[in-house]
Amino acid sequence: MTPLFAVSGVRFAYAGQPPCLDGISFEVPVGERLALVGANGSGKSTLLHLLDGLYAPSEGSVAYLGTALSQRALSSAPFGPRFRQQVGFLFQNSDAQLFCPTVEEELAFGPLQMGWGADEVARRIEEALALLEIGRLRGRAPAALSAGEKKRVALASLLVLAPSVLLLDEPTAGLDPRSQSLLLEILEALHARGLTLVTATHDLTLLPHLADRVIVLSEEHRVVADGEAGPVLADTDLLLAVNLIHAHSHRHGRLVHSHPHRHVVAHDHGHDSVAGGEEPPEG
Amino acid sequence: MTALPEWLRLDAMPPGTPPRAPAGNRALARTLSAIGRALAPLVCDAGSPRVGPIEDADPRAKLVAAAGLIVVATLLHGLPALAACLALALGIAAFAGVPARRLAPVAAVALASALVVLPATLNVVSGGAPFLTVWRPARGTLGPWRLPEAVAVTREGLLVAGRIVLRAAACAALAAVLAATTRPHRLLGGLRALGLPQGFVMVLAMTERYLAVLLQAARELHLARLARTVSALGVRREEAWVAAGVGAVFRRSRALAEEVALAMAARGFVGEVRLLRPARWRGRDWALAAGAVAAAAALLLIDRGAP
Amino acid sequence: MHIPDGYLGPQTYLPAWGAMAPLWSLASSRLRRTLSFRQLPMTALAAAFTFVVMMFSVPLPGGTSGHAVGSVLVAVLLGPWAAVVAVSLALAVQALLFGDGGITALAANCLTMAVAMPFSGWWTYRLLARTGRATLRRRQAAAAAGGYVGVNVAALATGVLLGIQPHLARDAAGRPLYCPFGLRAAVPAMAVAHLLVVGFVEAAVTALALAWLERTGAALETPEAPPSRGALRRLAIAVAALVLASPLGLIAAARFGAGTAWGEWSAGELARIAGRLPAGFQRLAPLWRAPLPDYGPAGAESSTPGAHALWYLLSAVVGVAAVAAAAYALRRLIARKGRDDRPA
């Protein structure tokens, strides 16, 4: 079975800057929920851009269903438009993603680029607005929306294309709780229908909802772990080493809490803090 | 964590520093309010939609009506017709419930024009029979110029000056009513629906879209400056701050443009702009357009009729 | 410097629209070549940036403050054609969305602030920045000079546009219909204000912002489209065709019995037509003896039509060669000085 994405030996550097990805290789099978985790600056966001064919790697290759993502492949029909329809990218900066004058036009942008009929476009817009509970925002300008509303509009503008893969860059950063839970609910429902999810985040609390498999990127821009979410997140030494948790974080099952630096504090939860060297508690 | 420095106690001032007199922040405050005024129509949206026949009308109809009337205003010669045009514009503003502050630019234009053309009211510029003598230099000399018998306001001068002031005010009022009764993105969408090239209108729409972002960035810069300004910095440092601010906004613009380009590519944009079909004109849109045509014809008739 | 509606008559603002239309079209096609699919968002952001620059209040000595236009800054940072589009869009947004600046006068304002200003400022910058070593100081000074020149050229153009109104449109009684101040008043008024005050505001903003961006590491090489070889070949073919067709003028003139074009008379012809030769003419006429007077050696006009046409053709070739040589020499001169630059 051809993997959805095949990344092999990828190195990448922005023009005139030190490399932000240094020898990355992995595969993403269809239907997987993968999380790329790493501290800020580890290159996970850039890796997502490479998966979406927005940049070309300096070395190595990225392939989608067996086809290498090159300039030529992306500008040729039918691969180019199909790729854009099948792979949706949720940008971290919603302001960059919402570039149309109104919410309605934003949702219409993708389908119009695909050349779909006006009736189909209108129907999908209606239903996407309803799904994301943003019907009342239809005629609004993006500048008038809150962060949560912008993120919902951004997701809706991707979903109207009925993608089979979603690449999410820090999807819940700065979101209010209601927007966040709606987002996660929709993503789970979509995954049940077979959607592949690749999320880049440094927020480990998201992972139970968004990932079965985790790839950890170090601050040296390399893959230091690649496996099921449970075992990877249990490796606290590793997480400490890559600056994903700090010495006063502690684990509770698959969740990770952070507490401020206070040595003398009574925990109600009944577990001990994980400072360097101490044994993590069970469960 | 290293220990807190000794001087980092609450309210600890270095010994011997007298409190400085606060600087006037008038320029900063003025710019901030100008930015706020510019942001208002871009950001304040359908929160409280003022529903009226003018607001509701199709932006194309409003654009055509306003532009047409402005062009007609530039064709009017006589003071009565121009005054009627101004009255029409103000009347529409009142009918549509435009708040007075949205008409402030009209007053500003009228005032500025009045000042600029003031010399044109004098006989030395416009000629004609004196009406109100201002100065009697009685053929003296001022440097290289020979002065006339009397410097006076003339009827011709008043006519010439009045023309400009009324016309400028009328055009400004029409433009202000258009801007105040149409949300910016609808206005620009109206341009596209009128047949202007799609790429051009898309750029215009995107300019409006990101203007708010950049204005907010500029406002933050100014607020940060305001929050830390205690005394005047002197012209050079202030200019340097302006330059840094402009540079920062440029950097932001460039980064945002790159990201937007990627976002557009990620959704299939290959260079050809495709937009939604605009709605059809309704009865009231035709009525508005017809009303504008009738008003224009009436104004021209008044003008040709009067001397 | 923004001209509001009502100051310019249709005789001025309509031709302004006519002049801007091809310029806008040319500018956007230039941008498409250099920026490709990035053109759309980059242009929009450049326009929004220009708008914001116009809002910054720049302090002046003496406690007052002024505003900069920013066209020259945009031209230096993104290229003059990008500036044409960006400033035009900023002016359009100002006029339409904020009622600031005229709608009928939009094209005229674009001519002054979106074409004359960025190009004159950019040429000044390039001329000054490319002579000698291009250190940051030199580029800063060049940018300041560019800003100063640009805004004054725009002010001059604005003064001219306003000043010609009384000459173009008067009512039945001879009173001016639009701007009442003629060239003798409008041009000096605009010029003085901008030479003495506004020019320095623009110079300061342009130079300092450029310096800040360079110091803090933003990439500043303006993307310039390489001239396509196809275009040069097409130009050569067109010029050759025109050269070959040049004797047609002679043939047509002979056919229709037309004399010398109006106003292009020689001294002798003028004396015959006017009855006498004006004194100035008499003094200046012998000053320069052309090598090929009337596009042929002396006596060519009276030779056979075939020979005359051949001389005409030869003159065309000589003329084209002379212009091409001059252009090439100038280009080499500028390019040589440019090659001495190293980016700072």
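Residues numbered from 1 in each chain as written. Chains lettered and ligands numbered in written order. Predicted model: local features only at pLDDT ≥ 70, side-chain atom pairs only at ≥ 80, totals over all residues.

Undergrad: Got a sec to walk through the overall build of chain A? Specific residues and values, please.
TA: Per the secondary structure count, chain A includes 11 helices and 12 strands. Counting the 283 residues in chain A, one finds 43% classified as buried. Contacts in chain A between residues far apart in sequence, at least 24 positions, make up 65% of those at least 6 positions apart. (Helix = DSSP H or I, 4+ residues; strand = E, 2+ residues; numbered from the N terminus. Buried ≥ 20, exposed ≤ 12 C-beta atoms within 10 Å, placed from the backbone. Contact = placed C-beta atoms within 7 Å.)

Undergrad: Tell me about the overall build of chain C, residues and numbers included.
TA: A count of helices and strands for chain C gives 13 helices and 2 strands. Counting all 344 residues of chain C, 41% fall into the buried class. At a minimum sequence separation of 6, the contacts of chain C that also span at least 24 residues come to 71%.

Undergrad: Residue-level account of unusual backbone geometry, with values.
TA: Here the residue pair A:Ala77 and A:Pro78 is connected by a cis peptide bond, since its omega of 0° sits within 30 degrees of zero. Positive phi outside glycine occurs at A:His221, with the angle close to 70°.

Undergrad: An account of the sheet that holds strand S9 (residues 213-217) of chain A is needed here, citing residue identities and associated values.
TA: All names here are of chain A. Spatially, S6-S7-S8-S3-S9-S10 is the arrangement adopted by the 6 strands of the open sheet, whose pairing is mixed. If you trace the sheet from one side to the other, it starts and ends with strand S6 (87-90) and strand S10 (223-228), each paired once. Averaged over neighbouring strand pairs, the angle between their axes works out to 15° when direction is ignored. Here strand S3 (residues 33-38) pairs with S9 via 5 bridges, running parallel. When the sheet's bridge partners are listed, Leu-36 is paired in S9 with Ile-215. (Pairing = 2+ DSSP bridges. Axes fitted to C-alpha atoms, helices over the stretch in contact; angles between N-to-C directions.)

Undergrad: Could you give an account of the packing of helix H5 (residues 103-114) of chain A against helix H7 (residues 147-159) of chain A, naming the residues involved and the relevant values?
TA: Residues and elements named next belong to chain A. The contact between H5 and H7 brings their axes to 7 Å, and the two run at 30°. Of the possible angle classes, the one that applies to H5 and H7 is roughly parallel. Here H5 and H7 pass one another in a crossing that is right-handed. Residues Val-103, Glu-106, Leu-107, Phe-109 and Gly-110 of H5 form the contact with H7, whose participating residues are Val-153, Ala-156 and Ser-157. Taken together, the residues of the contact of H5 with H7 break down into 5 nonpolar, 2 polar and 1 charged. (Parallel < 35°, antiparallel > 145°, perpendicular 65-115°, else oblique. Left-handed = near helix turned anticlockwise from the far one by under 90°. Nonpolar A, V, L, I, M, F, W, Y, C, P; charged D, E, K, R; others polar.)

Undergrad: How would you summarise the environment of C:Leu14 if you had to cite specific residues and measurements?
TA: Residue and element names in this part refer to chain C. Locating Leu-14 in the fold gives a position in helix H1 (residues 10-35). When the 15 C-beta atoms within 10 Å are taken as the criterion, Leu-14 is described as partly exposed. Once the C-alpha coordinates of Leu-14 and Ala-107 are considered, the two residues, 93 residues apart in sequence, prove to be 8.4 Å apart.

Undergrad: Quick rundown of the sheet that holds strand S4 (residues 59-64) of chain A? Include the residues and the values.
TA: Through backbone hydrogen bonds, the strands of a sheet pair up, either in parallel or in antiparallel fashion. Residues and elements named next belong to chain A. Across the sheet, which stays open at both edges, the 4 strands sit in the order S2-S1-S4-S5 with antiparallel pairing between neighbours. A strand with exactly one partner marks an edge of an open sheet, and here the two such strands are strand S2 (21-28) and strand S5 (67-68). In the sheet, strand S1 (residues 5-12) pairs with S4 via 5 bridges, with the strands oriented antiparallel. Residue pairing across strands places Val-7 opposite Val-62, the latter belonging to S4. In this fold helix H1 (residues 44-51) packs onto S1, S2 and S4, with an angle of close to 125° to the strand it touches most, S1.

Undergrad: Could you give an account of the interface of chain B and chain A, naming the residues involved and the relevant values?
TA: Chain B puts 28 residues into the contact, and the matching count from chain A is 28 residues. Of all elements in the fold, only helix H1 (26-43), helix H8 (184-193), helix H9 (198-228) and helix H10 (235-266) of chain B reach the threshold of two or more residues within the side of chain B that touches chain A. Here the side of chain B that touches chain A is composed, by residue class, of 18 nonpolar, 3 polar and 7 charged.

Undergrad: How would you sum up the nonpolar core? Please name residues and give values.
TA: Membership of the largest hydrophobic core comes to 257 residues, with the highest contact counts inside it found for B:Ala170, B:Ala173, B:Leu174 and C:Val205. Per-element accounting of this core gives the leading share, 19 residues, to helix H7 (residues 155-181) of chain B. Discounting residues that sit within four places of it in the chain, C:Val205 has contacts with B:Val242, B:Ala243, B:Val246, C:Val58, C:Ala68, C:Gly70, C:Leu73 and C:Gly147. (Core = buried A, V, L, I, M, F, W, Y, C linked by C-beta atoms within 7 Å.)

Undergrad: An account of the pairing of strand S1 (residues 130-135) of chain B is requested, with residue identities and associated values reported.
TA: Residues and elements named next belong to chain B. Taking burial as the measure, the 6 residues of S1 include 0 buried ones, a minor fraction of the element. Two strands pair when backbone bridges link them, and S1 and strand S4 (residues 151-154) are joined in this way by 4 bridges, in the antiparallel orientation. Within S4, the position partnered with Leu-132 by the bridge is Val-153.

Undergrad: Outline the environment of B:Leu28, listing residues and values.
TA: All names here are of chain B. Looking at the secondary structure, you find Leu-28 in helix H1. Overall, Leu-28 belongs to the partly exposed group, with 19 C-beta atoms counted inside 10 Å. Sequence separation between Leu-28 and Leu-223 is 195 residues, and the spatial gap between their C-alpha atoms is 8.6 Å. Among residues more than four places away in sequence, those in contact with Leu-28 are His-222, Arg-225, Leu-226 and Thr-229.

Undergrad: If you had to explain the interface of chain C and chain B to someone new, which residues and values would you point to?
TA: Tallying the contact residues gives 55 residues for chain C and 68 residues for chain B. Among the secondary structure elements, those contributing two or more residues to the side of chain C that touches chain B are helix H2 (39-55), strand S1 (57-59), helix H4 (80-98) and helix H8 (183-215) of chain C. Top element by residues in the side of chain C that touches chain B is H2(C). It accounts for 14 residues. Counted by class, the side of chain C that touches chain B contains 41 nonpolar, 9 polar and 5 charged residues.

Undergrad: A description of the packing of H2(C) against H4(C) should follow, citing residues and the corresponding values.
TA: Residue and element names in this part refer to chain C. The geometry of H2 relative to H4 is characterised by a closest axis approach of 8 Å and an angle of 60° between their N-to-C directions. As the angle between them shows, H2 and H4 are arranged oblique. Of the two elements, H2 crosses H4, and the hand of that crossing is right-handed. Counting all contacts with H2, which are made through Thr-43, Ala-46, Ala-47, Thr-50, Phe-51 and Met-54, the residues of H4 involved are Ala-82, Val-85, Ala-86, Val-87, Leu-89, Ala-90, Val-93 and Gln-94. Classifying every residue of the contact of H2 with H4 gives 11 nonpolar, 3 polar and no charged.

Undergrad: Could you give an account of the pairing of S3(A), with specific residues and numbers?
TA: Sheet faces and side chains relate simply in a regular strand, where the side chains alternate between the two faces. Residue and element names in this part refer to chain A. Where burial is concerned, most of S3 is hidden: 6 out of the 6 residues are buried. Here S3 shows no split at all, with Arg-33, Ala-35 and Val-37 on one side and Leu-34, Leu-36 and Gly-38 on the other all buried. Where S3 and strand S8 (residues 196-201) come together, 5 bridges link them in parallel fashion. Bridge pairing in S8 places Val-37 opposite Thr-201.

Undergrad: Describe H7(A), naming the residues involved and giving the relevant values.
TA: Residues and elements named next belong to chain A. The first and last C-alpha atoms of H7 sit 18 Å apart over 13 residues, in line with the 18 Å expected at 1.5 Å per residue. Of all the 13 residues making up H7, 12 are buried; the element is thus mostly covered by neighbouring parts of the structure. For H7, every residue scored as buried is listed here: Gly-148, Glu-149, Lys-150, Lys-151, Arg-152, Val-153, Ala-154, Leu-155, Ala-156, Ser-157, Leu-158 and Leu-159. (Expected span 1.5 Å × (residues − 1).)

Undergrad: So, H10(B): which residues are in play, and what are the values?
TA: Taking 1.5 Å of rise per residue, 32 residues should cover 46 Å, and H10(B) covers 46 Å from first to last C-alpha, within 8% of that figure. In the stretch just after H10(B), B:Gly268 is the one whose phi turns positive, near 95°.

Undergrad: Please set out the environment of C:Trp123 residue by residue, giving values where relevant.
TA: All names here are of chain C. Among the secondary structure elements, Trp-123 is positioned in helix H5 (residues 106-129). Trp-123 gets classed as partly exposed once you count the C-beta atoms within 10 Å, which come to 15. Sequence separation between Trp-123 and Gly-146 is 23 residues, and the spatial gap between their C-alpha atoms is 7.5 Å.

Undergrad: Can you explain the confidence of the model for chain A? Please cite residues and give values.
TA: All names here are of chain A. Of all residues in chain A, 87% attain a pLDDT of 70 or more, and the chain-wide mean is 84. Per-residue pLDDT, averaged within each element of chain A, yields its smallest value for strand S11 (residues 249-252) (57) and its largest for strand S7 (residues 165-169) (95). Predicted confidence is poor over residues 260-283, with pLDDT under 50, and the contacts of this stretch with residues over four places away or in other chains come to 20 contacts. (pLDDT = per-residue confidence, 0-100.)

Undergrad: Before we move on, could you go through the confidence of the model for chain C and cite the residues and values that matter?
TA: All names here are of chain C. Averaged over all residues, the pLDDT of chain C equals 80, while 83% of them reach at least 70. Low pLDDT, under 50, characterises residues 221-228; the predicted model gives this stretch 12 contacts beyond four residues in sequence or across chains. Long-range and interchain partners of residues 338-344, a stretch whose pLDDT sits below 50, account for 7 contacts in this model, where long-range means more than four residues apart. Predicted complex metrics record ipTM = 0.86 and pTM = 0.76.

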